[in-house]
Amino acid sequence: MLEINSSANTQLETIPSSASNSNGKYPKMNGQEGFVQRHLGPNFQEIQQMLKLLEVSSLEDLIDQTIPSTIRLNQSLQLPEALSEYAALNQLKAIASQNKVYRSFIGMGYADCITPGVIQRNILENPGWYTAYTPYQAEIAQGRLEALLNFQTLIIDLTGLEIANASLLDEATAAAEAMSLSYGVSKTKANSFFVSQDCHPQTIDVVKTRAIPLGIDIIIGDHQTFDFNTPLFGCLLQYPASDGIIYDYRNFIETAHNHNALVTVAADILSLTLLTPPGEFGADIAVGSTQRLGVPLGYGGPHAAYFATKEAYKRNVPGRIVGVSKDAQGNPALRLALQTREQHIRRDKATSNICTAQVLLAVIASLYAVYHGPSGLQQIAQTIHQLTLTLAEGLKRLGYSMGTEPFFDTIKVELGEKSLTEILSAAAAKEINLRVIDQHTVGISLDETTTIQDIMDLWEIFAGSELPFSVEEVLKTSENITAFTRKSAYLTHPVFNSYHSETELLRYIHRLETKDLSLNTSMIPLGSCTMKLNATAEMIPVTWPEFGKLHPFAPKEQTQGYQILFEQLENWLAEITGFAGISLQPNAGSQGEYTGLLVIRKYHENRGEIHRNICLIPESAHGTNPASAVLCGFKVVPVVCDDQGNIDIADLQAKAEKHQNNLAALMITYPSTHGVFETGIEAICNIIHANGGQVYLDGANMNAQVGLCRPGNFGADVCHLNLHKTFCIPHGGGGPGMGPIGVASHLVPFLPGHAVVELEGNDRIGAVSAAPWGSASILVISWMYIAMMGAKGLTEATKVAILNANYIARRLDEYYPTLYKGNQGFVAHECILDLRSVKKSAGIEVDDIAKRLMDYGFHAPTVSWPVAGTMMVEPTESESKAELDRFCDTMIAIRQEIANIESGVMDATNNVLKNAPHTAISLICGEWNHPYSREQAAYPAPWTKEHKFWPSVGRIDNAFGDRNFVCSCLPMAAYQ
Ligand SMILES: *Cc1c(COP(=O)(O)O)cnc(C)c1O
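The name an unreviewed UniProt entry assigns to the protein chain is Glycine dehydrogenase (decarboxylating), from the organism Planktothrix serta PCC 8927. The heading Catalytic activity (unreviewed entry) in the UniProt record of the protein chain holds the text "N(6)-[(R)-lipoyl]-L-lysyl-[glycine-cleavage complex H protein] + glycine + H(+) = N(6)-[(R)-S(8)-aminomethyldihydrolipoyl]-L-lysyl-[glycine-cleavage complex H protein] + CO2". What UniProt records for the protein chain under Function (unreviewed entry) is the sentence "The glycine cleavage system catalyzes the degradation of glycine. The P protein binds the alpha-amino group of glycine through its pyridoxal phosphate cofactor; CO(2) is released and the remaining methylamine moiety is then transferred to the lipoamide cofactor of the H protein."

Peer 1: How would you sum up the overall build of the protein chain? Please name residues and give values.
Peer 2: Along the backbone of the protein chain there are 32 helices and 26 strands. Since a compact globule built from 976 residues should have a radius of gyration of about 30 Å, the 28 Å found for the protein chain is in line with a globular shape. Each principal axis of the C-alpha distribution contributes one length, and for the protein chain these read about 85 × 65 × 65 Å. Counting all 976 residues of the protein chain, 64% fall into the buried class. The long-range fraction of contacts in the protein chain, counting pairs at least 24 apart against all pairs at least 6 apart in sequence, stands at 76%. Split by element, the accessible area of the protein chain, about 33400 Å² in all, is 48% carbon and sulfur. The averaged location of the 100 negative side-chain charges in the protein chain is 5 Å from the averaged location of its 70 positive side-chain charges.

Peer 1: Which residues make up the nonpolar core, and what values go with them?
Peer 2: Counting 301 residues, the largest nonpolar core has Ile444 and Phe462 as its most contacted members. Counting residues per element, this core draws most heavily on helix H25 (residues 779-812), which supplies 21 residues. Those residues within four positions of isoleucine 444 in sequence are excluded, and the remaining contacts are Phe105, Leu391, Leu395, Asp409, Thr410, Ile411, Val413, Leu434, Leu458 and Phe462. Leu598, Ala621, Cys632 and Ala665 belong to the second-largest nonpolar core, a separate cluster that totals 26 residues.

Peer 1: Provide a residue-level description of the UniProt feature "modified residue: N6-(pyridoxal phosphate)lysine" (unreviewed entry) in the protein chain, including the pertinent values.
Peer 2: According to UniProt, the positions carrying the feature "modified residue: N6-(pyridoxal phosphate)lysine" (unreviewed entry) are Lys725. Of note, lysine 725 is situated in the loop between strand S21 (718-720) and strand S22 (741-743). A relative accessible area of 11% means that lysine 725 is categorised as buried. Not counting the four nearest positions on each side in its chain, lysine 725 is found in contact with Ser528, Cys529, Thr530, Lys532, Ala700 and His731.

Peer 1: Describe the site of the ligand, listing the residues and the values that go with them.
Peer 2: Around the ligand, the structure places 14 residues, and the nearest of them are Thr356, Ser528, Gly589, Asp698 and Lys725. Glycine 589 places a main-chain nitrogen or oxygen 2.7 Å from an oxygen atom of the ligand. Between an oxygen atom of the ligand and a side-chain N or O atom of lysine 725, the distance comes to 2.8 Å. Protein chains shield 98% of the accessible area of the ligand, which is 380 Å² for the free molecule. Split by residue class, the shell around the ligand holds 3 nonpolar, 8 polar and 3 charged.

Peer 1: An account of the pattern of salt bridges is needed here, citing residue identities and associated values.
Peer 2: Applying the stated criterion across every chain yields a total of 40 salt bridges. Between arginine 397 and glutamate 473 there is a salt bridge, with the nearest N and O atoms lying 3.5 Å from each other. Of this pair, arginine 397 sits in helix H12 (residues 359-397) while glutamate 473 sits in helix H15 (residues 471-474), and the two are 76 residues apart along the sequence. With relative accessibility at 42%, the residue arginine 397 sits in the partly exposed group. Taking the shortest distance from any N to any O, the salt bridge between arginine 895 and glutamate 902 comes out at 3.1 Å. Through salt bridges with shared partners, a single ionic network connects Arg103, Lys430, Asp454, Asp457 and Glu460.

Peer 1: Please provide a residue-by-residue account of helix H21 (residues 624-631), values included.
Peer 2: Among the 8 residues that make up H21, 7 are buried, leaving the element largely enclosed by the rest of the structure. For H21, the set of buried residues is Thr624, Asn625, Pro626, Ala627, Ser628, Ala629 and Leu631. Just past H21, the residue glycine 633 takes up positive phi, approximately 80 degrees.

Peer 1: Lay out the UniProt feature "domain: Glycine cleavage system P-protein N-terminal" (unreviewed entry) in the protein chain in plain terms, naming residues and giving numbers.
Peer 2: As recorded in UniProt, the sites labelled "domain: Glycine cleavage system P-protein N-terminal" (unreviewed entry) are residues 37-462 and 500-756. Its end C-alpha atoms 39 Å apart, residues 500-756 is made of 35% helix and 12% strand.

Peer 1: Talk me through the environment of threonine 356; I want residue IDs and the actual numbers.
Peer 2: Relative to the assigned elements, threonine 356 resides in the loop between helix H11 (343-346) and H12. Put simply, threonine 356 and glycine 735 are 379 residues apart on the chain and 5.3 Å apart in space, counted from C-alpha to C-alpha. Not counting residues up to four positions away in its chain, the partners in contact with threonine 356 are Leu169, Arg320, Ala588, His724, Gly734, Gly735, Pro736 and Gly737.

Peer 1: Now, about the packing of aromatic side chains: what can you tell me, with residues and values included?
Peer 2: Counted according to the given criterion, the structure contains 31 aromatic pairs. Judged by centre distance (5.2 Å) and plane angle (85 degrees), the rings of tyrosine 400 and phenylalanine 462 are edge-to-face. With tyrosine 400 in the loop between H12 and strand S13 (410-414) and phenylalanine 462 in helix H14 (residues 452-463), the pair connects residues that are 62 residues apart, well separated along the chain. We note that tyrosine 400, like phenylalanine 462, is buried. Ring geometry for phenylalanine 547 against tyrosine 562: centres 5.2 Å apart, planes inclined by 65 degrees, an arrangement best described as edge-to-face. Here phenylalanine 547, found in helix H18 (residues 545-548), pairs with tyrosine 562, found in helix H19 (residues 560-577); they are 15 residues apart in sequence, far enough to count as distant. Judged by relative accessible area, phenylalanine 547 falls into the buried class, the value being 0%. By relative accessible area, tyrosine 562 is classed as buried at 0%.

Peer 1: Which residues make up the sheet that holds strand S15 (residues 441-445), and what are the values?
Peer 2: As summarised here, the arrangement of the 4 strands in space is S3-S14-S15-S13, forming an open sheet in which the pairing is mixed. Each of the sheet's edge strands pairs with one partner strand only, and the pair in question is strand S3 (103-105) and S13. The average undirected angle you get between the axes of adjacent strands in this sheet is 30 degrees. Here strand S14 (residues 432-438) pairs with S15 via 3 bridges, running antiparallel.

Peer 1: Residues and numbers for unusual backbone geometry, please.
Peer 2: Proline 240 follows tyrosine 239 through a cis peptide bond whose omega is -15 degrees. Tracing the chain through its elements places proline 240 in the loop between strand S7 (234-239) and helix H10 (250-258). Of note, the amide linkage connecting glycine 301 to proline 302 takes the cis form, showing an omega dihedral of 10 degrees. With respect to the secondary-structure elements, proline 302 resides in the loop between strand S9 (285-289) and strand S10 (305-309). Look at tyrosine 299: it is not a glycine, yet its phi comes out positive at around 55 degrees. Structurally, tyrosine 299 can be placed in the loop between S9 and S10.

Peer 1: Outline the packing of helix H20 (residues 589-606) against H21, listing residues and values.
Peer 2: Each packed pair of helices is defined by two parameters, the angle between the axes and the distance between the axes. It is at 9 Å that the axes of H20 and H21 come closest, and there the two elements cross at 40 degrees. Between H20 and H21, the crossing angle belongs to the class labelled oblique. The crossing of H20 and H21 is right-handed. Facing H20, whose interface residues are Ser590, Glu593, Tyr594 and Leu597, H21 presents Thr624, Asn625, Ser628, Ala629 and Leu631. Taken together, the residues of the contact of H20 with H21 sort by class into 4 nonpolar, 4 polar and 1 charged.

Peer 1: Quick one: what's the story with the side chain of threonine 450, residue by residue and with numbers?
Peer 2: Position of threonine 450 relative to the elements: it lies in the loop between S15 and H14. Not counting chain neighbours up to four residues away, the residues in contact with threonine 450 comprise Phe105, Leu387 and Ile455.

Peer 1: Mind laying out the side chain of threonine 410, listing which residues take part and the relevant values?
Peer 2: Tracing the sequence through the fold places threonine 410 in strand S13. Under the relative-accessibility criterion, threonine 410 is labelled buried at 10%. Of note is the side chain of threonine 410, whose polar atom sits 2.8 Å from the side chain of aspartate 409. Within the local environment of threonine 410, its side chain forms a polar contact with the side chain of serine 445, the two groups lying 2.7 Å apart. Contact partners of threonine 410, with chain neighbours within four places excluded, come to Ser242, Asp243, Gly244, Thr388, Ile444 and Ser445.

Peer 1: Describe the sheet that holds strand S26 (residues 956-957), and please don't skip the residues or the numbers.
Peer 2: The 3 strands lie next to each other as S12-S11-S26, forming an open sheet whose pairing is antiparallel. Each edge of the open sheet is held by one strand with a lone partner, namely strand S12 (332-336) and S26. With 5 bridges connecting them, strand S11 (residues 322-327) and S12 associate as antiparallel partners. Following the sheet pairing, valine 324 is matched in S12 by leucine 334. Along the sheet, helix H7 (residues 142-159) makes contact with S11, S12 and S26, crossing S12 at roughly 80 degrees.

Here is what the cut-offs are and how they apply
Residues numbered from 1 in each chain as written. Predicted model: local features only at pLDDT ≥ 70, side-chain atom pairs only at ≥ 80, totals over all residues. Heavy atoms only, no water. UniProt positions renumbered as here; feature names shortened; annotations may be inferred. Helix = DSSP H or I, 4+ residues; strand = E, 2+ residues; numbered from the N terminus. Rg over C-alpha atoms; globule rule 2.2 N^0.38 Å. Buried < 20%, exposed > 50% of the residue type's maximum accessible area, 1.4 Å probe, protein only. Contact = heavy atoms within 4.5 Å. Areas by Shrake-Rupley, 256 points an atom, 1.4 Å probe, with all protein chains shown as cover. Lys, Arg positive; Asp, Glu negative; His and termini not counted. Charge placed at Lys NZ, Arg CZ, Asp CG, Glu CD. Core = buried A, V, L, I, M, F, W, Y, C linked by side-chain atoms within 4.5 Å. Near = heavy atom within 4 Å. Polar contact = N/O pair within 3.5 Å; in protein donor to acceptor, adjacent residues only side chain to side chain. Nonpolar A, V, L, I, M, F, W, Y, C, P; charged D, E, K, R; others polar. Salt bridge = Lys/Arg side-chain N within 4 Å of Asp/Glu carboxyl O. Phe/Tyr/Trp six-rings, centres within 6.5 Å; stacked < 30°, edge-to-face > 60°. Pairing = 2+ DSSP bridges. Axes fitted to C-alpha atoms, helices over the stretch in contact; angles between N-to-C directions. Parallel < 35°, antiparallel > 145°, perpendicular 65-115°, else oblique. Left-handed = near helix turned anticlockwise from the far one by under 90°.

Here is the structure:
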């Protein structure tokens, strides 16, 4: 009785998602299968076989022996019945249709744009791109590394600075990172930072939030009258200013430099094709958003921010930098550079907590530049500028004044006699949004999508009657930016000048894609990263215009669909975590950590205990934890782990008591980063509470908990969720991500606010992201996942994730022992394989095994974290038994190869592991000087003959690249 009805409130049909019936099939209804069985890898029979190997009687039995009974949730989650893919898409479409897509001329750092079809379909909607992981295994990631190197080159060229990173989370947090960098490298003792009042308000908000715990004073003022009497370490300017004016900042910057202050310029990336770039007028750092380079507005994100600076600061740059190095054959090869700066090494000395960034969006922006080339980009900017001049001229003729300063795409219109209400209602009648600056002033920003018809509509709004002139009469072709006209060339590299036919671009994109191993090739069993299925049905709504074309500051009446989506998702996540409130604002796990700790800080402050500043963090914690704690002004005190990988409770107790007067928080990951459900978790939480602290739970491992236990129930006060791990947002090759936090009721009042979009409550901390709901448009992915899985499906997924991990641990135990297990001998959803013995016996490092896995067509698990010399394997519930077996067979075959080295059958240095990965060229061209065959090198397993994934470069020399640091495109000659 399937009835098609698009109303949001109508449940189209429900599939009993749970129950596997006796033949292992999920029931069918009306020809539609439930989604759960598609999401799960192993089927019912396979699950039985795997349980048998583990010698447990049922999945339930396995879970009973894995998760401490004291924390088990003994009711099922209160979530709506699971929907099929078809029904969920219909239901979401009905929600989407409640969003109204107006033409937005709001600006403020967000501009509508056109995503070229070839990029939308072949990158944004292509799992070959979006399911990739952060390119740590660089030999099988050269495609996106090249796209990111193009991105860095684009940013370096347009900003006129020396180096750039491979993206940050948004413009506002990039500005905050610039402040931190300036503070860190400053030669003065000053602790004041000047922020121009002409910056975007959300940027000012985020910078203010960031400054508070660091003890930085923010001085907001007019750069034209600022007297520099207060010592500063840095300044932030906007170019063009938020209201559109282009200022000449040269004198200001010179004075700032004379006072030892660094200057950051937040610049509109497209304007820099026409305007003198910040690097040419003295800026030390440039930041901004690359959204308008082909990335949908998405009601706030995801978008890639950029960060460019001088080479002198390369070790202080936040986020990842792609650098050029060479491979074992001496050919140019790309990899993530200067890894030694990162948090997992520097811990609480790290300069930033950024981990996941916005790789997929940076790739899109870079390909947009490849698609248009320098003259195409300039043409787009020129057209926008001329339309803006034309708009301004017409408004002048209509009697409005807008100042005489030069502008690029944004004007500020004084309303004069007209009331704001009058203008806004005329605009609303035409489904147009303007920026309200105050009761007498509006802002209008044009973009790539603006047409002559839009200009006429805008005039009509202000004319209030028939237009007294024609477009032809006022059409402007001259420019008003001559004093700022850019003279230097940009994007001269062939990559930006070669692929302007669609055929060429399609092939370039495909060539890059096929260099990268993503989930459409094989499992990517990265511990702690949860590389599960990113189902197509979950991804489809991302590019629906009802979600994609909304400006983040559009009036709430137009965003009802989004409001419903947020409310439902928040309720579901609250139910899943056991918390009272959720904030969807943080844009990555690291940002969730920072936000959660700020909330804790605010809670202590509110109780008159702002002095609480000690943050206990176990030694095994993810590197972002200590880095985030420091950003919140906390002092990190490490807690020891015992030889089972568990927190040493005696040590914890001693440290909590020692610091009881100043204890702010404990940060703990659960199940632990050692892949075990610690039985002492409740006791641990109690110790912290008894000593006045709050418990922050790093929820990166939530995939082991959903439906089985809830952080809010066993004592945590705050927890972040990596929606790009547990809740199916794809990793995008290193972003986007989302890191919402859940908090217990006493912390709800302190969740983040926003300067532009008002959120209820007066006790909120400031904004932590540029947009009020972070990267809103990708929340549809997690919504779809939960809607299609339902309570039973989600719980089943968790159980299968635990089963899959235990299956691998058991199958590999005699070859590579699992380092840590729970007290009944089982791991959680991941297992750490101890590879350290083969270093002694055969001189084989964990990296050699990681690279050899590539020859077999696999991506290595997490290497040397959280324990050096080990691999942490997280298969997730989405991998089938066949794939798990293929992986185990590979690991066993590699163990045999190592055994051949141990026994002397294979050479100790010239062997398949040390020379891995093997490229096609190294096999076919030139001499073959190895004591093993080409076939052994490249076709070590039967499936490689069926489908061979070729690494595109040989083993990369990391140290060489760091000694000879290059982070922009090499001249083509380097490749000959
Ligand atoms: C992934 C991860 C993080 C960081 O999350 P990002 O989204 O990359 O910022 C923090 N803690 C743990 C344990 C993680 O696995």
